[in-house]
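Analysis of the macromolecular model
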Amino acid sequence: MRGTRKYQHVIETPDPGKWELAGYEESLPISEKSNPMTRELDKADPSQLVQLLRDCDAEIFQEEDENLIHYHRLYSESVLKTMGDVAKRVQEVLKNPDDSLVVLSGCGTSGRLALLLANSFNGLLKGLHKTPCYCYIMSGGDRSIVTSQESSEDNPQLGAQELEKVCEGKKNVLFIGISCGLSAPFIAGQLDFCMRHLDVYLPVLVGFNPVSMARNERIEGWHSSFRQVAERLQTLHDSQKGFILNPAVGPEGVSGSSRMKGGSATKILLETLLLVAHKAESNVPVTEKCLLEILRTYERAHKVTYSQSKKIAALMKQTATSLQKKGHLYILGWGTLGLVGIMDAVECVPTYQADWRDVRGFITGGYHSIENKEGDLSSLGPQFSISHEDFVKNVLPSVSETDTVLLIFTLDDDLNQIEKLVALVKEKTSNIQVICHATAGQYLPNSLKKTIPSIIGLTWPILFLEYEGAFIQKFQRELSTKWILDTVTSGAYTLRGKIFRNFMVDFKINNSKLFHRATSVLQRLTGQSHQRCTEVLLQSIYGEQTLSEQIRNTTIAGHVEAAASQDKVLPVAIVSLLRSCTIQDSRSRINSSLSIRSAIESSMNVPGRKRGAEDSESR
Ligand code: F6P
């Protein structure tokens, strides 16, 4: 830890990378920059992958450094102060639950976290026999809990409508819009709606870029860009009519994959803030000390989690082997740990063009445990079957030695039921692994220990805290599970050749952010102009070498729609640009390559190729 260190830390965070220096990938927001630490992620073995992603996660807790560009961090005074201010406003809602509401909203992982958090704090209130006053919104509705519905993220009007609907009749609404990249139009629409009705709404934006780096292109079919909305919100800060919580947590280990650090930081920041608000309700004043006390428990969780690095690496290796053999990873979790598993599995689809069957999550009790607004969705199709019973009935019969099954539970869960499930799974595959959370003094029964070859055991200290504080352990276990799963699946897909350097190079282009990300990755890997990269990307999307006027005049939303039915759009464009070959040529090269990564790597070394921006800048 460097700089003007103010707080006693639980973990030592690595030295700052050069992403903090002026000029480093200047045109990109922090959330889209490539992390200097993981520049060679694609060459790492499983142990190195765990170590690199562990260090990236540790950056969440890094303090600001006055010698470098002044980014506010989680521990910055201004951030802690805003957290405290928002916590006080949450208390006002808690005092009048009948006509007040805290609404959490997000897209993709941010939306799933909104659901998880709303349920946690409603559960906390119910346990105290108080009225629940949290609710969640996710773009794409409840279908997005278990499937990826990226396109609704682009709709600001829909965001505003949904917000208005859930808040009908309320007099005081604290709205928390989560967009890690300060980028989602859906959230921009909701913030804009709040700012037009400040008599009822208090808008709070949560994300991990400075406002000056918020997404700046005008949202199609709307009046503003995300940045303009964020700038308007910023002007409300002094009068406390709106807040922005946006500490920098550093670039993602896999560039742009905001489900990882962005998601974890969202959970840490909001759970801390809301817990303090609830504690304060029981007459403990909101102080920086209260916030720090809770933040440190998350730092400890990082330490406890990664003390199991060796076993996490083994699980990653096993998962990669299963995926390589066209097998699957099935994640079966108990309680909210099941939801964390589902969250991780779903994101593999848009991030790595995975088939939805490749990595799947299941939860005890299915939708009943998730407590989602729209109830049981299993009739919508096999993708929506998420209970352990569904797994046993529909999936287990076809499980084989090529598959990996991961069970995630705490020692407070029904161990008999777990033992029975383990026995059933073992009849099909020996690749069974476990993440088991215990409280100090609790031990896994020998009968279970003997039957499971590999156990990631995490022991959490007993916390002698009042009721609200007891939730800390639940939050630690969820975050720890999230860290492990993010690392395992991102690492496994890296080993499968879905990452080049630290760029995702085979993601689904199914919203405008992802369209722009694709162009940006193309530019960074090939060094070609923005215009040329866009042109080749369109050639790849439409499978045509010559672009018609009609295609050229199509909106980005139109291109996104066309991209939905294509696979390998970005890799085809990258190889085509690197080799100056046709789209068809490029596609057949990729199809005959060992992996996407190897196709790109061999194209990088084509004689006479112009060196790319990334080549000259970083290698
Ligand atoms: O568009 C896909 C995605 O990047 C998801 O991976 C992510 O969880 C979601 O968008 C939300 O991103 P953000 O929180 O930055 O708006």
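Residues numbered from 1 in each chain as written. Predicted model: local features only at pLDDT ≥ 70, side-chain atom pairs only at ≥ 80, totals over all residues. Heavy atoms only, no water.

A few points about unusual backbone geometry
Positive phi, close to 60°, is recorded for H129, a residue that is not glycine. Position of H129 relative to the elements: it lies in the loop between α3 (109-127) and β2 (134-138). The class for H129 is exposed, based on a relative accessible area of 76%. One non-glycine residue, L182, adopts positive backbone phi at about 50°. Structurally, L182 is set in the loop between β3 (172-178) and α6 (185-195). Note on L182: relative accessible area 0%, which makes it buried. (Helix = DSSP H or I, 4+ residues; strand = E, 2+ residues; numbered from the N terminus. Buried < 20%, exposed > 50% of the residue type's maximum accessible area, 1.4 Å probe, protein only.)

What about the sheet that holds strand β8 (residues 404-410)?
Whether parallel or antiparallel, the strands of a sheet pair through hydrogen bonds between backbone atoms. One open sheet holds the five strands; their spatial order is β7-β6-β8-β9-β10, and the pairing between them is parallel. Strand pairing shows two members of the sheet lacking a second neighbour, β7 (359-363) and β10 (454-460), which therefore form its edges. On average, adjacent strands in this sheet sit at an angle of 15° to one another, irrespective of strand direction. Sheet topology places β8 next to strand β9 (residues 432-439); six bridges connect them, and they run parallel. (Pairing = 2+ DSSP bridges. Axes fitted to C-alpha atoms, helices over the stretch in contact; angles between N-to-C directions.)

Thoughts on the UniProt feature "binding site: keto-D-fructose 6-phosphate" in the chain
The feature "binding site: keto-D-fructose 6-phosphate", as given by UniProt, occupies C107, G108, T109, S179, C180, G181, L182, S183, E347 and K513 in the numbering adopted here. Set against the largest cavity, the annotated residues named above that line it are C107, G108, T109, S179, C180, G181, S183, E347 and K513. Along the polypeptide, S179 turns up in the loop between β3 and α6. In this structure S179 comes out as buried when scored by relative accessible area, which is 4%. Once residues within four sequence positions are removed from consideration, S179 is found in contact with A184, I187, V206, G207 and F226. Of note is the side chain of S179, whose polar atom sits 3.0 Å from the backbone nitrogen of A184. Relative to the helices and strands, S183 resides in the loop between β3 and α6. Leaving out residues up to four positions away in the same chain, S183 has contacts with R215, F226 and K513. (UniProt positions renumbered as here; feature names shortened; annotations may be inferred. 1 Å grid on protein atoms, 1.4 Å probe; cavity = no way out; pocket = protein on both sides within 12 Å on 5 of 7 lines; lining within 4 Å. Contact = heavy atoms within 4.5 Å. Polar contact = N/O pair within 3.5 Å; in protein donor to acceptor, adjacent residues only side chain to side chain.)

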